[in-house]
Amino acid sequence: MARMQALSVTESAAERIRALLVKRGKPSLGIRVGVRSRGCSGLTYTLEYADEKGKFDEVVEANGVTILIDPKATMFILGTEMDFVEDKLQSGFTFRNPNEKGRCGCGESFHV
C-alpha cells in the first residue's frame, strides 16, 4: 500500500524552489521545511537550503524538487500543501495545513 506524503507541493512552489536552488549557485539536495516556536500564535514555518539529508528527515519528492521535512515538524504539517503565491503587493510560500486550529492576525504564525 502506498504511503501518503507528509507534504504536497504545487507546481508553482516547485518552480520557485528550482529557481532559488539555481540562484544559490551551489549544489543543494533541496530545501528543508520545519516549524519553530515564534509569533503570536505559537508556531511559524521555516525554510532553508538542505545540502544533505539528516538522519531522521522525511523526504518528499514532488514536481521535480526534493523537500526534506525536519523530524520535529512532521507531526505539525502532515497533509499540508505548500504553494507559492505572487500578487501585486507580495509574494511568498503559503501553507494550507489541515491541522491548523488558528492563525494570528498577520498570518505569520499558527497553532495546532
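Here is what the cut-offs are and how they apply
- Residues numbered from 1 in each chain as written.
- Predicted model: local features only at pLDDT ≥ 70, side-chain atom pairs only at ≥ 80, totals over all residues.
- Heavy atoms only, no water.
- Core = buried A, V, L, I, M, F, W, Y, C linked by side-chain atoms within 4.5 Å.
- Buried < 20%, exposed > 50% of the residue type's maximum accessible area, 1.4 Å probe, protein only.
- Helix = DSSP H or I, 4+ residues; strand = E, 2+ residues; numbered from the N terminus.
- Contact = heavy atoms within 4.5 Å.
- Expected span 1.5 Å × (residues − 1).
- Arc of directions from axis to C-beta.
- Salt bridge = Lys/Arg side-chain N within 4 Å of Asp/Glu carboxyl O.
- Pairing = 2+ DSSP bridges.
- Axes fitted to C-alpha atoms, helices over the stretch in contact; angles between N-to-C directions.
- Phe/Tyr/Trp six-rings, centres within 6.5 Å; stacked < 30°, edge-to-face > 60°.

Description of the nonpolar core
Within the largest apolar cluster, 22 residues are counted, with the highest numbers of intra-cluster contacts made by L7, I17, I31, V33, I67, I69 and M82. Elements with a minimum of two residues in this core: strand 1 (7-9), helix 1 (11-24), strand 2 (30-37), strand 3 (43-50), strand 4 (58-62), strand 5 (65-69), helix 2 (74-77) and strand 6 (80-86). Here this core gets 4 residues from one element, more than from any other, and that element is helix 1. Each residue touching L7, except ones within four places of it in the same chain, is listed here: V33, V60, I67, I69, T80 and M82.

Focus: helix 1
Note: α-helices contain 3.6 residues per turn, so residues at a spacing of three or four share the same orientation. Under the 1.5 Å per step criterion, the end-to-end length of helix 1 is 20 Å for 14 residues, consistent within 8% with the ideal 20 Å. Along helix 1, the positions that sit buried rather than exposed are A13, A14, I17 and L21. Buried residues of helix 1, seen end-on, are gathered within an arc of 100° and therefore sit on one face of the element. Exposed residues lying more than 90 degrees from the buried face of helix 1 are E15, V22 and K23.

Details of the pattern of salt bridges
This structure, assessed with the given rule, holds 7 salt bridges. As a salt-bridge pair, D51 and K26 come within 3.7 Å of each other at their nearest N and O atoms. Highlighted residues: D51 in the loop between strand 3 and strand 4 and K26 in the loop between helix 1 and strand 2, separated in sequence by 25 residues. Residue classification places D51 among the partly exposed positions, given a relative accessible area of 42%.

Concerning the sheet that holds strand 1
The strand order across the open sheet formed by 3 strands is 1-6-7, and the pairing between neighbours is mixed. Either end of the sheet is taken by a strand with one partner, and the two such strands are strand 1 and strand 7 (91-96). Ignoring which end each strand starts from, the neighbouring axes of this sheet average 25° apart. Strand contacts of helix 1: strand 1, strand 6 and strand 7, with the helix running at about 70° to strand 6, the strand carrying the most contacts.

Structural notes on the packing of aromatic side chains
Applying the stated criterion across every chain, the model contains 2 aromatic pairs. Aromatic side chains Y45 and F95 sit 4.1 Å apart centroid to centroid with 15° between the ring planes, which places their arrangement in the stacked category. Residue Y45 is found in strand 3, and its partner F95 is found in strand 7; the two are separated by 50 residues along the sequence. With a relative accessible area of 14%, Y45 lands in the buried category.

Some points on unusual backbone geometry
For N63, which is not glycine, the phi torsion reads 50° and is therefore positive. In this structure, N63 sits in the loop between strand 4 and strand 5. Of the residues examined, N63 reaches a relative accessible area of 36% and is grouped as partly exposed.

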